[in-house]
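Inside the fold
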Amino acid sequence: MAIHRTALVEPGAEIHPSCEIGPFAVIGPGVKMGPDNVVGAHAVLAGDTTFGRGNRVFPHACIGQIPQDLKWSNEKTRIEIGDQNQFREFCTVHLGTEGGGGVTRIANRCLVMANAHVAHDVQLGERAIVANSVALAGHVVVEEFVGFGGLAAVHQFVRVGKFAYVSGGAMVVMDIAPYCMVQGDRAQVVGLNLVGLQRAGFSDDQLARVKDAYKIVFRGGKPLREAIAQLQAEHGGHAEIDHLVGFLNGVGDRGLTR
């Protein structure tokens, strides 16, 4: 195990022998690290925080501190981090809260860039890209393959559907449907993330169905429930449309960005 002589690994921490811990890093007693993780200089890992395999924590990142929630009262909560994620300089990831399910969860192959914030109870899906200085408030749910441009922010309890793209500086206050691009303050839907879908290997038929779904939901002028019914009638049974329908049926009090 390559632990720099100036690093502080507190008793109780579980560190796989293949990990590397850089100078002046601090690893708290509740941290558990699987194989091949790398922790940079001055990084601070605390709380009941579990890392999978092959993650990289860059200098001055801070993961596992208590939530920025005045209701938090020292309850036992945790962070679960999967494999091959990157946490860049000065980013923060906070413990969950009892009222929010108790777990902040980051899946696999996510990139959390410099100064970004992942708040308590956030669920960050596979291969999410959270750019510089993005702020994800508490209880935000981000599905797979979502991208955030720099300085964007997401209101608490909002959901962001898979393959969505949030433009730089956008202020998101309502759910964002899968496959959509949003921008502005307050964020509005401005089109489909076609580049992201093409890169993900969507076929021409799948893209055609997603485009038609977009017209039905966002350009048809119908109330949401009527648009969902039309969507199911015309394109139900296809995985990409069924996922969209399921997401739309889950829209709650925050409402849907349209």
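Residues numbered from 1 in each chain as written. Predicted model: local features only at pLDDT ≥ 70, side-chain atom pairs only at ≥ 80, totals over all residues. Heavy atoms only, no water.

Description of the layout of surface pockets
The criterion, for reference: Points on a 1 Å grid, built from protein atoms alone, make a cavity when a 1.4 Å probe fits but cannot get out and make a pocket when they are open with protein on both sides within 12 Å along at least 5 of 7 lines; residues with an atom within 4 Å of a point are the lining residues. Grid points are joined across faces, edges and corners, and a volume is the space filled by probe spheres set on the points. Helix and strand assignments follow DSSP, with helices taken as H or I runs no shorter than four residues and strands as E runs no shorter than two, numbered in order from the N terminus.
In this structure, the largest pocket spans a volume of roughly 380 Å³. If you go around the largest pocket, you meet 16 residues; those closest to its centre are I129, F145, N193, G196 and R199. Taken together, the elements giving at least two residues each to the lining of the largest pocket come down to β22 (147-148) and α1 (194-199).

So, helix α3 (residues 224-235)
Put simply, the test is: To estimate the expected span of a helix, count its residues, drop one, and scale the result by 1.5 Å. Residue burial is assigned from relative accessible area. The probe radius is 1.4 Å, only protein chains are included, and a residue is buried under 20% of its type maximum, exposed over 50%, and partly exposed in between. Working definition: the arc comes from the directions between the helix axis and the C-beta atoms, pointing outward to the latter. The contact definition used throughout considers only heavy atoms, calling two residues in contact when any of these lie within 4.5 Å.
In this model, α3 (12 residues) spans 16 Å end to end at C-alpha, consistent with the 16 Å of a helix rising 1.5 Å per residue. Among the residues of α3, L224, A227, I228, L231 and H235 are the ones counted as buried. Relative to the axis of α3, the buried residues are bounded by an arc of 100 degrees and lie together on one face. Buried residues belonging to α3 abut α2 (204-219) and α4 (239-249). Looking one or two residues past α3, G237 carries a phi angle of roughly 100 degrees, positive in sign.

Overview of the nonpolar core
Side chains of a nonpolar character, in soluble globular proteins, are inclined to be buried together. Here is the rule we go by: In these notes, a set of buried Ala, Val, Leu, Ile, Met, Phe, Trp, Tyr and Cys residues joined through side-chain atoms within 4.5 Å is what counts as a nonpolar core.
Ranked by size, the top nonpolar core spans 75 residues in total, and within it F87, L124, L136 and F148 carry the most contacts. Going through the elements one at a time, β12 (78-81), β27 (180-183), β28 (188-192), α2, α3 and α4 are the ones with two or more residues in this core. If you tally residues by element for this core, the top one is α2, at 7 residues.

Considering empty space enclosed by the protein
Our working rule: Charged residues are taken to be Asp, Glu, Lys and Arg, nonpolar residues to be Ala, Val, Leu, Ile, Met, Phe, Trp, Tyr, Cys and Pro, and polar residues to be all remaining types, Gly included.
Overall, the coordinates contain 1 cavity of 30 Å³ or more when judged by the stated rule. Forming the boundary of the largest cavity are P178, Y179, C180, L192, V210, A213, Y214, F218 and L244. The dominant element in the lining of the largest cavity, judged by the number of residues it contributes, is α2, at 4 residues. Broken down by class, the residue content of the lining of the largest cavity amounts to 9 nonpolar, no polar and no charged.

Observations regarding the sheet that holds strand β6 (residues 32-33)
Where we set the bar: Any two strands with at least two DSSP bridges between them are considered paired.
The sheet built from 8 strands is open, its strands ordered β3-β6-β9-β12-β15-β18-β21-β24 with parallel pairing. Each edge of the sheet is formed by a strand with only one pairing partner; in this case those strands are β3 (14-15) and β24 (159-160). Where β6 meets strand β9 (residues 48-51), 2 bridges bridge the pair, whose relative direction is parallel. Looking at the pairing, M33 lines up with F51 of β9.

Focus: the sheet that holds β22
Quick reminder of the rule: To define axes, lines are fitted to C-alpha atoms, for helices over the stretch in contact only, and angles between the resulting N-to-C directions are given on a 0 to 180 degree scale.
The 11 strands lie next to each other as β1-β4-β7-β10-β13-β16-β19-β22-β25-β27-β28, forming an open sheet whose pairing is mixed. For this open sheet the edge positions go to β1 (2-3) and β28, each flanked by a neighbour on one side alone. Pairing between strand β25 (residues 165-166) and β27: 2 bridges, direction parallel. Within β27, the residue paired with Y165 across the bridge is M181. Where α2 meets the sheet, it contacts β27 and β28, and its direction lies at approximately 155 degrees from that of β28.

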